[in-house]
Every structure is written in C-alpha cells, then in structure tokens.
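Survey of secondary and tertiary structure
Below, each chain spelled out in residue letters.
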Amino acid sequence: MMHVYVFDIMSRASIYGIGTYISMLKKVLIHNQIKTTFVICGDSGNELTITYRQHTRYIKIPKQQFNIPSDYLTEQSQYYKALIITLLPYIDKTETNIFHLNYLSCLALAQELKKYLKCKIVLTIHYTHKHYDGEDKFAEIPGEYEQAKILLNQYCDKIIAISKHIYHDIITLYNVSSYKIILIPNCLPDQYKQFNIERYRMKMHWDTNDILIIYAGRLDPIKGVNLLPNAFEKILMHYKNVRLIIASNNNILTYIHSIPLKIRSRITFMGFISHKELYQLFSAVDIGVVPSLYEPFGYVAIEMMMCGLPLIINDRSGLAEIVPLNVGVHVNLASVEDSIDNLVRGLEQLISNKQLRIKYGNAGRMHFLKAYRFSDFSINMNNLYKDL
C-alpha cells in the first residue's frame, strides 16, 4: 500500500504560500483516498502528539523536544537524526513509503530517510537560492546553496516545479537533469462569492465613489512595498478619490512610520485577516497591486484573479508568467530610479479607465478558472505518486 508522508515546518512560510500549497495537497490526498501522514515539525506543544482526522494521521513534533538551533545549517543534522529516530516506530516498512518535502533546507532529513528506509522522496520547490540584489542583479545565497544542490541531485527521486520560471531555475541554478523535474502548477479551489459590495464599503466607512487599491502580503522590501508610499503620494496629486488598503500583519508600525503624514489618512491597514475576509475584500476593491521585486510564483495574484480583480504586477520572474498581459498591467520595477514612476503610470492606467478595469478583471477571472483548476492539480499529483 502506498503511504505519503507530507512534511511541514512551522514557520512564516507555513502560514503563507507553502501553507496554502500543503492545504491543497491535503485535499488531493483525501480526494484520491491515499493513505497519508502529515508530519508537523516545530509544533508549539510540549510533547509529540498523534491525531486522526478524515482517515489522515497527524504527527506533531514540538520544537522544544529537539531544541532546533538558530544556526540550522551547521547543526540541523543532529536535529533530523533525532526526528527520524522518533518517527521510525510509526512508519510501516512494508508499505510503499513516499516522503513529500517542501523546503530546500532538508538535506539532512533526506539523508536520514534514505539511511533507514527504502523510500521515495519528492520535493516541491517553492523558492530558489536566488537573492534579488536590486538593479536587475541576482546573487546566490551562500551556505544553503551547496546543500540544496546535493539534496536535489543525490536524494530526491522527483522534483516538482510550481512554475516554468522555477523549472528553469532548477536546471540552471542547481544543474539538475530535466528528467527528475515535473512541472505541476499550483492551484486554488474557486472560492469567489458575489455579495453586496456597496453595503460592505459602507460597513468599512469607505466612500462608495472611491477607487480602492489593495496590497496584500508581507511588508518586506523584496515584496516591493517600499515603492508604494511614494507612488501613492504621486497618485494623490492628481486623483483625490483614491484609497490604498494594506492587508498585512508584519512590520506594520515600522512601515507606517515610513509613510508621509499627509497621505496616511488615505491608507487603511487591515492587519492579518482570514482567507474568507480577504477574498471578500478583493471582491470589493477596484485594483490589486503586486509589486514584488522577485516572486517565484505568487499565490496572492491568483487569489486576486479568482475574485475578478484587475492587477498591476512587476513584469519580472514568476509574476509575468502567472498574470498574462490581457489580465493586468505589467510594469518594469527593475530599476531603482524608474520604479516609482513606472508604478505610478501603471496605476494611472487603471485608475483613469473603468472599462479597462472591468475588462482585465473579467479576463483574470476566466484565466483563473482555466489555468488553476483543482481537478488538474489533483490528477497530476495522483499520477506522480503512482508513477514513483
């Protein structure tokens, strides 16, 4: 019998993109009735716990038990040895065991799995060891890179690329043979629901005639958020009925202090909100902006398209692949000098043209329904597991 073990590590990534991916994977495994165990490392509890839900086993391993070091590049081997020794009694060696990893920093884990078990290892690549240096330059992040190269080439039986952009990076950056890689784009179940937008705006105390622009995600420089205050300030010089909405829960106070006082009254901070609330918000606003300087994939762009929201995106990396030209405005944010003005021009295209907003919003919705279907993702993942 086939048994899939999905590993997750409690971190910020497990809340955002990787967490969303794993939740989709869970639906696939349940839908295809595949025997599954989810192994959650670094749980906040005080002891190892095992629970069952929907015929799926969950093994939660607290971080205190193994004292996860801050410098895990040099000490993670000891951690993963202890983890595997702990898991071995719960693994049936007579089954066809498949271990699905989601982090490039898992070389020691893969080594221990291959040491003790006859198994297959699948790794989904959500990011690569490229670091954006500005001015259209990239640099490999030192340390993890060599370990990741060994992991991919020597220990992984199959590697999943979630976009063409990542597929290319895996080959060129890590020298992995293409036969080991399979392209399976991420997916998202359609959760769009129509509702009374005017009533929602009134509840939020937003003028029904305002043009609402939303950014959703981390307030980190790599996400391009440092461009927004200056770009928005320039927009307000010509358009008084525009409001910027920021949905994020990290670095909010620091970010607020970076915003000129004279425009703060036209910016709304939502903090962290549930997916249900976020999708409602996407459906109620006019423009979505995803200015990431580097984005291997970008779930938020798919979520915005799902809700029929016209987009402005950086035309580099995975975003340009996800959002076609007929769905949103592509702007070049590679140059530090020109980025703000390019973003302003992109925003003005949509602010000044309601018909274009409607056109892009409808096209984005149709693209989402065609390109990111859960059924396709489910079939591809099921076939991958069976073919190992």
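As the structure is a prediction and not an experimental result, all values here were calculated from the model.

Rules of the game
Within each chain, residues carry numbers counting from 1 in the order of the written sequence. In view of the model being predicted, local features appear only for residues whose pLDDT reaches at least 70, and side-chain atom pairs are presented and counted only at 80 or more, with totals across whole chains, interfaces and linings using the full set of residues. Working from all heavy atoms in the structure, the side-chain values ignore hydrogens and water. Helix numbering and strand numbering both begin at the N terminus, where a helix is a DSSP run of H or I of at least 4 residues and a strand a DSSP run of E of at least 2. In this analysis, two residues are considered to be in contact whenever any of their non-hydrogen atoms come within 4.5 Å of each other. Computed with the Shrake-Rupley method and a 1.4 Å probe, the accessible areas treat only the protein chains shown as cover for residues. For this count, His and the chain ends are skipped, Lys and Arg are scored as positive, and Asp and Glu as negative. Charge placement uses NZ in Lys and CZ in Arg. For Asp and Glu, CG and CD serve respectively. A residue's pLDDT is the predictor's confidence in that residue, given on a scale from 0 to 100. Each aromatic pair joins two rings of Phe, Tyr and Trp (for Trp, the six-membered one) with centres within 6.5 Å, and gets the label stacked for planes under 30 degrees apart, edge-to-face for over 60, and tilted for any other angle. For every residue, the accessible area (1.4 Å probe, protein chains only) is compared with the maximum for its type, and the residue is labelled buried under 20%, exposed over 50%, or partly exposed between those bounds. Residue count minus one, scaled by 1.5 Å, sets the expected span of a helix. Axis definition: a line fitted to C-alpha atoms, limited for helices to the stretch in contact. Angles are taken between N-to-C directions and run from 0 to 180 degrees. An angle below 35 degrees is read as roughly parallel, one above 145 as roughly antiparallel, one from 65 to 115 as roughly perpendicular, and any other as oblique. By the convention adopted, Pro, Cys, Tyr, Trp, Phe, Met, Ile, Leu, Val and Ala count as nonpolar, Lys, Arg, Asp and Glu as charged, and the other residues, Gly among them, as polar. A cavity here means a set of points on a 1 Å grid, drawn over the protein atoms and nothing else, where a 1.4 Å probe fits but cannot get out; a pocket is an open set with protein on both sides within 12 Å along at least five of seven lines, and a residue lines either one if it has an atom within 4 Å of a point. Grid points are joined across faces, edges and corners, and a volume is the space filled by probe spheres set on the points. Strand pairing is assigned whenever DSSP identifies at least 2 bridges connecting the two strands. Crossovers are described as right-handed under a simple rule: with the strands pointing away from the observer, the path leading from the first strand over the helix to the second runs clockwise. Note on terminology: a nonpolar core comprises buried Ala, Val, Leu, Ile, Met, Phe, Trp, Tyr and Cys residues joined through side-chain atoms within 4.5 Å. Only residues whose relative accessible area exceeds 30% and that form no salt bridge enter a patch; like-charged residues are grouped when within 9 Å of one another, and nonpolar side chains (Val, Leu, Ile, Met, Phe, Trp, Tyr) when within 5 Å. Salt bridges are defined by distance alone: a side-chain nitrogen of Lys or Arg within 4 Å of a carboxyl oxygen of Asp or Glu.

Moving on, we come to the overall build of the protein. Looking only at helices and strands, the protein has 16 helices and 16 strands in total. Taken along its principal axes, the extent of the C-alpha atoms in the protein is 70 × 40 × 40 Å. Of all intrachain contacts in the protein linking residues separated by at least 6 positions in sequence, the fraction that spans at least 24 positions is 66%. Accessible surface for the protein amounts to roughly 18,000 Å². Of this, 51% is attributable to carbon and sulfur atoms. Of the side-chain charges in the protein, 42 are positive and 34 negative, and the distance between the mean point of each set is 6 Å.

The next subject is the confidence of the model for the protein. On average, residues of the protein carry a pLDDT of 88, and 90% of them reach 70 or more. Taken together, the stretch residues 65-69 has pLDDT below 50 and engages in 11 contacts with residues farther than four places along the chain or on a different chain.

Within the structure shown, the criterion is met by 10 aromatic pairs. With a centroid separation of 6.1 Å and 45° between ring planes, the pair formed by Phe7 and Phe99 is classed as tilted. Taken together, the residues span a long stretch of sequence, with Phe7 in strand 1 (residues 2-9) and Phe99 in strand 5 (residues 96-101) at a distance of 92 residues. Each member of the pair, Phe7 as well as Phe99, carries the same accessibility label: buried.

Between its terminal C-alpha atoms helix 14 (residues 339-351) stretches 18 Å, which fits the 18 Å expected from 13 residues at 1.5 Å a residue. The complete set of buried residues in helix 14 reads Ser339, Ile340, Asn342, Leu343, Val344, Gly346, Leu347, Leu350 and Ile351.

Contact geometry of helix 2 (residues 17-31) with helix 16 (residues 374-387) gives a least axis separation of 10 Å together with a crossing angle of 70°. As summarised for this structure, helix 2 and helix 16 are arranged roughly perpendicular, according to the angle between their axes. Contact residues: Tyr21, Met24, Leu25, Lys27, Val28, Leu29 and His31 in helix 2; Phe374, Phe377, Ser378, Met381 and Tyr385 in helix 16. Broken down by class, the residue content of the contact of helix 2 with helix 16 amounts to 9 nonpolar, 2 polar and 1 charged.

Below, the discussion takes up the layout of surface pockets. To find the voids left in a structure, one rolls a probe of water-molecule size over its atoms. Considered as a void within the structure, the second largest pocket measures approximately 520 Å³ in volume. As for the second largest pocket, its lining consists of 25 residues, of which Ile197, Ser283, Val285, Asp286 and Gly308 are closest to the centre. Partitioning the lining of the second largest pocket into residue classes produces 11 nonpolar, 7 polar and 7 charged.

Our focus in this paragraph is the pairing of strand 14 (residues 287-290). Neither face of strand 14 is exposed, since Ile287 and Val289 on one face and Gly288 and Val290 on the opposite face are all buried. As judged from the 2 bridges shared by strand 11 (residues 211-216) and strand 14, these two strands associate in the parallel manner. Note on strand 14: the bridge partner recorded for Ile214 is Gly288. Handedness of the β-α-β unit built from strand 14, helix 12 (residues 299-306) and strand 15 (residues 311-314) comes out right-handed.

The next point concerns the nonpolar core. Counting residues in hydrophobic clusters, the biggest one holds 100 residues, and the most contacted among them are Phe7, Leu83, Phe282 and Met381. Every residue in contact with Met381, bar those within four places of it in the chain, is listed here: Tyr21, Leu25, Val28, His100, Ile160 and Ile184. Core analysis: the next-biggest nonpolar cluster, separate from the first, contains 33 residues, Ile211, Tyr215, Phe232 and Ile259 among them.

Okay, the pairing of strand 6 (residues 120-125) next. Residues in a regular strand project their side chains so that they alternate between the two faces of the sheet. Of all 6 residues that make up strand 6, 5 are buried, and the element is covered over most of its length. Here 4 bridges tie strand 5 to strand 6, and the two strands are oriented parallel to one another. Looking across to strand 6, one finds that Leu101 is bridged to Leu123. Tracing the backbone out of strand 5, into helix 5 (residues 107-116) and back to the parallel element strand 6 gives a crossover that is right-handed. In the sheet, strand 6 pairs with strand 9 (residues 158-161) via 4 bridges, with the strands oriented parallel.

Once that is clear, we can look at a nonpolar patch on the surface. The grouping of Ile50, Tyr52 and Tyr90 at the surface amounts to a nonpolar patch, some 310 Å² of accessible area in total. Mapped onto the elements, Tyr52 comes out in strand 3 (residues 49-53). The exposure class assigned to Tyr52 is exposed, which follows from its relative accessible area of 60%.

The full count for this structure, using the stated rule, is 10 salt bridges. Between Lys35 and Glu95 there is a salt bridge whose closest N-O contact spans 2.6 Å. With Lys35 in strand 2 (residues 35-43) and Glu95 in the loop between helix 4 (72-87) and strand 5, the pair connects residues that are 60 residues apart, well separated along the chain. A salt bridge links Lys262 to Glu233, with the nearest nitrogen and oxygen atoms 3.1 Å apart. Linking Lys262 in the loop between helix 10 (252-257) and strand 13 (267-269) with Glu233 in helix 9 (residues 228-236), this pair joins segments that are 29 residues apart in sequence.

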